[in-house]
Structures are given as structure tokens and as C-alpha cells.
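Remarks on the overall topology
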Amino acid sequence: MAASKAGFMKDAFILFAITLVSGICLGFVYEITKGPIEQATIAANNATYQAVLPAASQFDAVEGSEEQAAVLNASGELSRYGNVGVESVLEGTDASGNPVGYVLNTYSNDSYGGLVSLSVGVDMEGTIVGVGIREISDTPGLGLKAQDAEYTDQFVGKNADALTVTKSGSATETEINAISGATVTSEATTNAVNAALYYLHNYLE
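Our subject in this report is the structure included herewith.

**A closer look at the overall build of the chain**
The helix and strand inventory of the chain stands at four helices and seven strands. Listing each helix as α and each strand as β along the chain from the N terminus yields α-β-α-β-β-β-β-α-β-β-α. Counting only residues that meet the buried cut, the chain has 37% of its 205 residues in that class. Residue pairs at least 24 apart in sequence account for 55% of intrachain contacts in the chain once pairs closer than 6 positions are excluded. A total accessible area of about 11300 Å² is found for the chain, and carbon and sulfur atoms account for 57% of it.

Dropping the structure here:
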């Protein structure tokens with residue numbers, strides 16, 4: 001019995017040692033990779049901001065926008081557009097420091113693959129200058145076409161309170177043509193843009 005107990009204690013100690021060493025190694029690897037991952041994310045986001053608002057050379061958070069977005073998301077005002085929200089709002093300025101527009105980062109959890117997050121660039125007149133997908137997990141060849149310029153370019157030049165999706169193929173000034181076979185994704189991305197437009201018209205103008 002004593003030998004059996006000793007063997008059990010030995011196995012438990014070995015397991016503890018392995019777990020401890022593994023935890024230390026994982027923590028060490030995390031600390032090493034955390035910085036580069038954060039820098040890569042910042043660089044990718046800045047590239048998206050530049051793409052959707054090319055007239056800007058610098059992007060700074062709008063003062064108080066984080067708190068306003070949190071209140072808006074919790075208020076239920078955006079529920080008309082489904083499960084959407086506003087993440088952050090940036091003011092874009094040119095090389096001389098003059099404001100040229102805004103970048104609004106929004107999301108929808110209603111896409112076919114779940115979360116889709118995007119950046120919407122608007123000029124000082126409230127016209128959409130660009131839309132960039134920052135995160136999406138939809139089906140290749142279908143929902144992932146939301147990343148293609150053929151789809152996102154439809155938003156450029158739109159200036160409206162809200163947009164809707166049409167399957168007609170002949171979108172009006174307030175409509176976006178759905179991606180063939182991916183209406184759910186089309187509606188999710190359009191409603192994420194609508195969240196940006198709602199914030200724009202109710203908090204920035």
C-alpha cells in the first residue's frame with residue numbers, strides 16, 4: 001500500500017512539474033509575441049483607415065467617442081439594424097492638420113459566419129468615401145466576397161441616413177446590391193455601415 005501511495009505521489013509531482021514548466025513556457029512565448037502581434041494589428045488597422053479615407057494622413061480618436069459609443073450600444077437604438085455596434089471613431093486630418101473626415105469602426109454579429117467588423121470612411125459632408133472589412137469568417141466564394149472591391153465600392157458616394165440591401169441588381173441611391181448567394185452577409189455588412197451612419201448623423205453632425 002505504501003509503495004502504491006509513493007508511486008501516486010511521484011506521478012502527481014511529475015504532472016505538476018510538467019504543468020508548471022508548460023505554463024512558464026507559454027507565458028514566456030506570450031510575452032515575446034504580444035508586442036509584435038499588437039504592432040501588426042495597429043499597422044493593419046492604419047492601412048485600412050488610410051484605404052477608406054485616403055485624404056487623411058493622421059487618425060486620432062474623437063474625444064468622448066468611446067463613451068458615447070458604449071452608451072449607444074447599450075441603449076438599444078441600433079437594434080433596428082440587428083446585432084450591431086460602434087467600436088471607435090477617429091477623426092482624419094491631412095498633412096496640414098485640417099479635418100478631412102472620419103473613420104467609424106463598427107461591427108455586426110449577424111453575418112453568416114458570425115462577427116464581421118469594418119471601417120467606414122466618410123468625408124466632412126457625410127458622404128461615404130470607403131468601406132474596408134477588418135474581420136470576417138464567412139464562406140470562401142460566397143460571404144468572403146464582401147471583402148472584394150466589387151462589393152465594397154458600392155458604398156462609395158452614398159450619402160443617406162441608412163442603406164438597404166436589394167437582390168434586383170439595380171440598386172438605387174439608398175440601396176446596395178446583395179452578393180449572389182450571400183444575402184445574410186450582405187445585410188450584416190450593410191447594417192454595420194448603417195451603425196456608422198447612425199452615429200455620424202446623431203453624434204458628429
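**Notes on the packing of helix α2 (residues 65-75) against helix α4 (residues 183-204)**
Packing of α2 against α4 brings their axes to within 12 Å, and their N-to-C directions diverge by 115°. Viewed along their axes, α2 and α4 form a crossing whose handedness is right-handed. Facing Ser 65, Gln 68, Ala 69 and Leu 72 of α2, the residues of α4 in contact are Tyr 198, Tyr 199 and Tyr 203. Grouping the amino acids of the contact of α2 with α4 by side-chain chemistry returns five nonpolar, two polar and no charged.

**Some words on the packing of aromatic side chains**
Considering all chains together, one arrives at three aromatic pairs under this definition. With 5.7 Å between their ring centres and 55° between their planes, Tyr 49 and Phe 59 make a pair best called tilted. Of this pair, Tyr 49 sits in helix α1 (residues 2-52) while Phe 59 sits in strand β1 (residues 58-61), and the two are 10 residues apart along the sequence. By the burial criterion, Tyr 49 is buried, and Phe 59 matches it. An angle of 20° between the planes, with centres 4.8 Å apart, marks the rings of Tyr 199 and Tyr 203 as stacked. Pair noted here: Tyr 199 and Tyr 203 are both in helix α4, with a separation of four residues, about one helical turn. On the accessibility criterion, Tyr 199 (0% relative accessible area) is buried. For Tyr 203, a relative accessible area of 27% translates into the label partly exposed.

**Some details on a nonpolar patch on the surface**
A cluster of nonpolar side chains, contributed by Phe 13, Ile 14, Phe 16 and Ile 18, occupies part of the molecular surface with about 440 Å² of accessible area. In this fold, Phe 16 is placed in helix α1.

**Examining the pairing of strand β5 (residues 128-136)**
Here seven bridges tie strand β4 (residues 114-123) to β5, and the two strands are oriented antiparallel to one another. Bridge pairing in β5 places Ser 119 opposite Gly 132. Following β4, the chain reverses through four residues before pairing antiparallel with β5; Gly 126 in that reversal takes a positive phi of roughly 85°.

**Considering the nonpolar core**
Considering soluble globular proteins, one finds that nonpolar side chains tend to be buried as a cluster. The biggest cluster of nonpolar side chains holds 36 residues, and the ones touching the most others in it are Ile 128 and Val 193. The set of elements that each furnish at least two residues to this core consists of α2, β2 (84-93), β3 (99-111), β4, β5 and α4. Here this core takes 10 residues from α4, the largest share from any one element. When near neighbours in sequence (up to four residues on either side) are disregarded, Ile 128 contacts Val 120, Gly 121, Val 122, Phe 155, Val 156, Gly 157, Lys 158, Leu 163, Val 193 and Leu 197.

Rules of the game
Residues numbered from 1 in each chain as written. Predicted model: local features only at pLDDT ≥ 70, side-chain atom pairs only at ≥ 80, totals over all residues. Heavy atoms only, no water. Helix = DSSP H or I, 4+ residues; strand = E, 2+ residues; numbered from the N terminus. Buried < 20%, exposed > 50% of the residue type's maximum accessible area, 1.4 Å probe, protein only. Contact = heavy atoms within 4.5 Å. Areas by Shrake-Rupley, 256 points an atom, 1.4 Å probe, with all protein chains shown as cover. Axes fitted to C-alpha atoms, helices over the stretch in contact; angles between N-to-C directions. Left-handed = near helix turned anticlockwise from the far one by under 90°. Nonpolar A, V, L, I, M, F, W, Y, C, P; charged D, E, K, R; others polar. Phe/Tyr/Trp six-rings, centres within 6.5 Å; stacked < 30°, edge-to-face > 60°. Patch = residues over 30% accessible without salt bridge, like charges linked within 9 Å, V, L, I, M, F, W, Y side chains within 5 Å. Salt bridge = Lys/Arg side-chain N within 4 Å of Asp/Glu carboxyl O. Pairing = 2+ DSSP bridges. Core = buried A, V, L, I, M, F, W, Y, C linked by side-chain atoms within 4.5 Å.

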